[in-house]
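Structure at a glance
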Amino acid sequence: MGSHSQRSSRGWWVIAFRWAAALVVLGLLLHFLPLAPLRAAIARVPVSIFLVVLLGYLLVHSAGVAKWQMVVNAAGAELDFATSAQCYFGGLFGTLFLPSIVGGDVVRLAVGLRRSPRPAAVLTGNLIDRSLDVAAQAGLVLLGFLLLPEMDLVPENVEDAVDDVLIGVAVGIVLVSVLALVLRKKILRGRSVRYRRRLARLRHALRSVSKKPRILAMGWLLGTGIQIAFLMLTAKLGAYCGLTLPLRAWLFAWPLAKLAAVLPLTQGGIGVREAALVVLLSPFGAPGPLVLAVGLVWEGVVIAGGLIAGAVALILRRDVDHSNIS
């Protein structure tokens, strides 16, 4: 009992630390950037536009529910739409209070593993769904990078740095894959029968998905469409803040900033995403205060959307529990 309370207390301290880190990062940005143009840019966004963008944000995530359900059910999870929405929106809410998007996945799995007759399928399907999201964002980054030379706006050293990063990521993926293959037998040696059975269930779920390439392709296309929709909503807010940039610039910077927010440094990537956007868009001549203004307004959309998602997940949980009792 005591150890459980200690772990719970430690978890809340970690969350408090990450919120504090987010505030520190934002405070540094506000310290080094002029406040007058920042306030003016935020004030130019009408409340009605903010609400429209928030509605669009929630509608896009509704499509995300359908994608998540499609992928996990392809692995054999057998979840209905209401339960999938409870998992997905609960995870969206969880990103506000748990480390990065990984914390949101913990909430998704906590509900899905309990509701599904095949928990291994939920675990495998969620991992594949997250991989499809990363692939979609990487595709947008690559597209934006390929379009950069046509713009003549980015210094050669920036392009060279991005080249080095892409090569490093590719080499890292190859090394991890080779290492996993080499150490596979050593990792499995001496494991219990129960462990091997769980691993076998995961393999079965993975094979179920791999036999459905159309669903994987559709999941990637939906993931790409969802990321593009978020990008367009952010660019729309940018236009109201007075930040007008080519779509190619957003294609390059926005997905990279979102990937940077995955790092468990601050709560939900708050502050990290804004700082990354300021740095990534500066070679395109984007004023730092305007970029930060867009990031802060978008952060407001994310937080408001997360709170609404939490309320929806709670309502769905009550409805599902009531239907199970009746």
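Bringing the overall build of the protein chain into the picture now. Summing up its helical and strand segments, the protein chain has 12 helices and 0 strands in all. Counting from the amino terminus, helix and strand elements in the protein chain follow one another as α-α-α-α-α-α-α-α-α-α-α-α. With 326 residues in all, the protein chain has 42% of them scored as buried. Contacts in the protein chain between residues at least 24 apart in sequence constitute 77% of all its contacts with a sequence separation of at least 6. Total accessible area computed for the protein chain in this model is approximately 17500 Å², and 70% of it derives from carbon and sulfur atoms.

Formed by 67 residues in total, the largest nonpolar core has its most connected members in W250, L281 and W298. Per-element accounting of this core gives the leading share, 13 residues, to helix α12 (residues 288-325). When residues no more than four places from it in sequence are discounted, the contact partners of W298 are V53, Y57, F230, L233, T234 and L237.

What follows is about the pattern of salt bridges. In the structure shown here, the tally under the stated rule is 6 salt bridges. Note that D129 and K67 form a salt bridge whose closest N and O atoms lie 2.6 Å from each other. With D129 in helix α6 (residues 119-147) and K67 in helix α3 (residues 47-74), this residue pair connects regions lying 62 residues apart in the sequence. Just as D129 is buried, K67 falls in that class too.

The subject of this paragraph is helix α4 (residues 81-94). Between its terminal C-alpha atoms α4 stretches 19 Å, which fits the 20 Å expected from 14 residues at 1.5 Å a residue. The buried fraction of α4 is high, at 11 of 14 residues. For α4, the complete set of buried residues consists of T83, S84, A85, Q86, C87, Y88, F89, G90, G91, L92 and G94.

Here a ring pair, both rings aromatic, is described through the centre-centre distance and the interplanar angle of the planes. For the structure on display, the rule yields 5 aromatic pairs. A centroid spacing of 6.1 Å and a plane angle of 65° characterise the contact between F230 and W298, whose relative ring orientation is edge-to-face. On the criterion of sequence distance, the pair formed by F230 in helix α9 (residues 213-241) and W298 in helix α12 is long-range, its members being 68 residues apart. The buried category is assigned to F230, whose relative accessible area is 3%. Among the aromatic residues, those joined into a cluster by ring pairs are Y57, F230 and W298.

With respect to the helices and strands, the residue R273 is situated in helix α11 (residues 272-281). We classify R273 as buried; its relative accessible area is 12%. Of the polar contacts made by the side chain of R273, one reaches the side chain of E299; its length is 2.7 Å.

Glancing now at the packing of helix α10 (residues 247-260) against α11. Their axes nearest at 8 Å, the elements α10 and α11 cross at an angle of 150°. Overall, the two elements α10 and α11 adopt an arrangement that is roughly antiparallel. You can see that α10 and α11 cross each other, and the crossing is right-handed. Residues A249, W250, F252, A253, W254, L256, A257 and A260 of α10 lie in contact with α11, whose contacting residues are V272, R273, A276, L277, L280 and L281. When grouped by side-chain class, the residues that make up the contact of α10 with α11 number 13 nonpolar, no polar and 1 charged.

A separate point is a nonpolar patch on the surface. A cluster of nonpolar side chains, M218, W220, L221 and L222, forms an exposed patch at the surface whose accessible area comes to about 350 Å². Take M218: it is sitting in helix α9.

Turning our attention to the environment of A74. Mapped onto the elements of the fold, A74 is located in helix α3. For the pair formed by A74 and V122, sequence separation is 48 residues and the distance between their alpha carbons is 9.7 Å.

Let us look at the packing of α3 against α6. Between α3 and α6, the least distance of the axes is 8 Å, while the angle of their chain directions is 130°. Here α3 is positioned oblique relative to α6, judged by the angle of their axes. For the element pair α3 and α6, the recorded crossing hand is right-handed. Here α3 contributes K67, W68, V71 and V72 to the contact with α6, which in turn contributes A121, V122, G125, N126, I128, D129, L132 and D133.

Here we take up unusual backbone geometry. Located in the positive-phi region is E78, a residue other than glycine, with phi close to 60°. Tracing the chain through its elements places E78 in the loop between α3 and α4. Overall, the relative accessible area of 53% leaves E78 in the exposed class.

Turning our eyes to something else, we now look at the confidence of the model for the protein chain. Per-residue confidence for the protein chain gives a mean pLDDT of 79; residues scoring 70 or more make up 71%. Least confident of the elements in the protein chain is helix α8 (residues 193-210), whose mean pLDDT is 58; most confident is α3, at 94.

Let us now look at the environment of V279. Within the secondary structure layout, V279 lies in helix α11. With relative accessibility at 57%, the residue V279 sits in the exposed group. Each C-alpha atom of the pair V279 and A257 lies 9.3 Å from the other, and the pair is 22 residues apart in sequence.

Procedures and definitions
- Residues numbered from 1 in each chain as written.
- Predicted model: local features only at pLDDT ≥ 70, side-chain atom pairs only at ≥ 80, totals over all residues.
- Heavy atoms only, no water.
- Helix = DSSP H or I, 4+ residues; strand = E, 2+ residues; numbered from the N terminus.
- Buried < 20%, exposed > 50% of the residue type's maximum accessible area, 1.4 Å probe, protein only.
- Contact = heavy atoms within 4.5 Å.
- Areas by Shrake-Rupley, 256 points an atom, 1.4 Å probe, with all protein chains shown as cover.
- Core = buried A, V, L, I, M, F, W, Y, C linked by side-chain atoms within 4.5 Å.
- Salt bridge = Lys/Arg side-chain N within 4 Å of Asp/Glu carboxyl O.
- Expected span 1.5 Å × (residues − 1).
- Phe/Tyr/Trp six-rings, centres within 6.5 Å; stacked < 30°, edge-to-face > 60°.
- Polar contact = N/O pair within 3.5 Å; in protein donor to acceptor, adjacent residues only side chain to side chain.
- Axes fitted to C-alpha atoms, helices over the stretch in contact; angles between N-to-C directions.
- Parallel < 35°, antiparallel > 145°, perpendicular 65-115°, else oblique.
- Left-handed = near helix turned anticlockwise from the far one by under 90°.
- Nonpolar A, V, L, I, M, F, W, Y, C, P; charged D, E, K, R; others polar.
- Patch = residues over 30% accessible without salt bridge, like charges linked within 9 Å, V, L, I, M, F, W, Y side chains within 5 Å.
- pLDDT = per-residue confidence, 0-100.

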